[in-house]
Amino acid sequence: MRLVKKIIALVLGVLMAFSFTGCIHKKGEIAVKINGVEFTSAYYACALINAKTEAQNKVNEILTDEEKSSGAIDYSKKKIDKKPFDEWVKDKAIENLKTIAAYKLLCKENKLELTEEEANNANMYASYYWSSYGYSAYFEPNGVSQATYADYMKDTYYSEKYFEFLYGEKGEKAIEAGTVKTKIYDNFIIANVINASYGSEDTDADKKLLKEKLEGYVTALKKGTKTFEAVYKEYNGNQAEVPTENEEKGPKDKYATILGAEGTSYANDNYKTVKDMAVGEVKLIELEDKSGFVLAVKQDITADDYYLENLDMTARHLIADEEYKKTIEDYAKKLEPKVSKYAINQFKVDNIVEPNYGY
């Protein structure tokens, strides 16, 4: 019986893969060549899946309230930029491959290679997303292995490599240090923060007690009868994980949290409120949806050079991303993809297996 179950599972697995690929193709088969950069069928499948996800998000943004409440959405009948859904997805997949090829070719032209650390980081993040973010449930049933997804992830690192080559401190189009510094201080602040949300079963009495507890912390912090560290440990429990302090590489204040302006990678809903506070000021901020509070003690980001170093490239992106994007787009437009119809025609957008996370 155990052997029969294994055989059935194997057959079901083959059928699931067959629903997307349509037929069996040779492993490592090249589906797309772009100016010497080769992409396998599995890699193309990865690009197609990502393009479909992007397309679905675009459709979701323009759905009417009636469509949203109607239940299942037939994306295949929608249009994006006046193109049928499936056509847009397939075109976007090739466009994304051209962009990746552009990164790799520009790096090759300028003798830029990923370091061992960068390659290891790419593999680490790929593994994390694969296992912890449920990516395996989407990609694996569609014939994309973790190794292929890791290759896809690693190739995205060439973008940052070339960006730094252009706009980094010693880049061809290096941005002046003073401009970067101003951008950092205009868009980022730091604060000691405690996030306190109501539980799903909290009564009005429970919510009142939480607010009173937090107000007590605010009073103690203002009077100086308790340090933020003491409040942090008391609220989270003495066994709570405390941020690791690294005297050489870490920030001076191990409890400091970066809050960024809208449009930054550290965007925070409470950025403006905390930015308007004085350094050292303590405030209890109620969340907009009334689901809890944020206790914030503003700190001075200019007093720690750690942030100038660690937000340097983030700020350079804020300054130069628009120009960089156009540079890549202009380069990619000139590339000529050679597509194996035999290799890519096995993949049908409608046959992409959607993940089932069990909820």
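Residues numbered from 1 in each chain as written. Predicted model: local features only at pLDDT ≥ 70, side-chain atom pairs only at ≥ 80, totals over all residues. Heavy atoms only, no water.

Asks: Is there a simple way to explain the confidence of the model for the chain in this structure?
Replies: Low pLDDT marks regions whose predicted coordinates should not be analysed in detail. Predicted confidence across the chain gives a mean pLDDT of 89, with 89% of residues reaching 70 or more. Confidence drops under a pLDDT of 50 for residues 1-19, and excluding neighbours within four residues, the segment shows six contacts in the predicted structure. (pLDDT = per-residue confidence, 0-100. Contact = heavy atoms within 4.5 Å.)

Asks: Explanation requested: the sheet that holds strand β5 (residues 188-197) in the structure shown.
Replies: Consider a sheet: its strands pair through backbone hydrogen bonds, and that pairing is either parallel or antiparallel. Read from one edge of the open sheet, four strands run β6-β5-β8-β7, paired in antiparallel fashion. The open sheet has two free edges, formed respectively by β6 (256-260) and β7 (282-286), since each of these has just one partner strand. The average angle at which neighbouring strand axes cross in this sheet is 45 degrees, direction not considered. Bridge analysis of β7 against strand β8 (residues 292-299) gives five bridges, and the strand direction is antiparallel. Note that in β8 the partner of Lys283 across the bridge is Ala296. The strands touched by helix α8 (residues 177-187) within the sheet are β5 and β6, with β5 carrying the most contacts at an inclination of about 25 degrees. (Pairing = 2+ DSSP bridges. Helix = DSSP H or I, 4+ residues; strand = E, 2+ residues; numbered from the N terminus. Axes fitted to C-alpha atoms, helices over the stretch in contact; angles between N-to-C directions.)

Asks: Explain the nonpolar core here, please?
Replies: It is characteristic of soluble globular proteins that their nonpolar side chains tend to be buried jointly. One finds Val32, Phe39, Tyr44 and Leu97 to be the most contacted residues of the largest nonpolar core, which totals 72 residues. Filtering out sequence-adjacent residues up to four positions away, Val32 remains in contact with Val37, Glu38, Phe39, Tyr44, Ile94, Leu97, Pro337, Lys338, Val339 and Ile344. In this structure, Tyr217, Phe228, Tyr232 and Val297 belong to the second largest nonpolar core, which totals 16 residues. (Core = buried A, V, L, I, M, F, W, Y, C linked by side-chain atoms within 4.5 Å. Buried < 20%, exposed > 50% of the residue type's maximum accessible area, 1.4 Å probe, protein only.)

Asks: Honestly, unusual backbone geometry in this entry has me stumped. Any pointers?
Replies: As a rule of thumb, non-glycine residues mostly have phi less than zero, and peptide bonds are mostly trans rather than cis. For Lys82, which is not a glycine, the phi torsion comes out positive at approximately 70 degrees. Under the relative-accessibility criterion, Lys82 is labelled exposed at 79%. Look at Lys111: it is not a glycine, yet its phi comes out positive at around 55 degrees. Along the chain, Lys111 falls in the loop between α4 (85-109) and α5 (116-132). Overall, Lys111 belongs to the exposed group, its relative accessible area being 75%.

Asks: Looking at this model, I keep getting lost on the sheet that holds strand β9 (residues 337-339). Mind explaining?
Replies: Within the open sheet, the three strands sit side by side as β2-β1-β9. Their pairing is antiparallel. Only two strands of the sheet have a single neighbouring strand rather than two, namely β2 (37-40) and β9. Adjacent strand axes in the sheet meet at a mean angle of 20 degrees when their direction is disregarded. Relative to β9, strand β1 (residues 30-34) runs antiparallel, the two sharing three bridges. Each bridged residue has a counterpart across the sheet, and for Ile34 the counterpart in β9 is Pro337.

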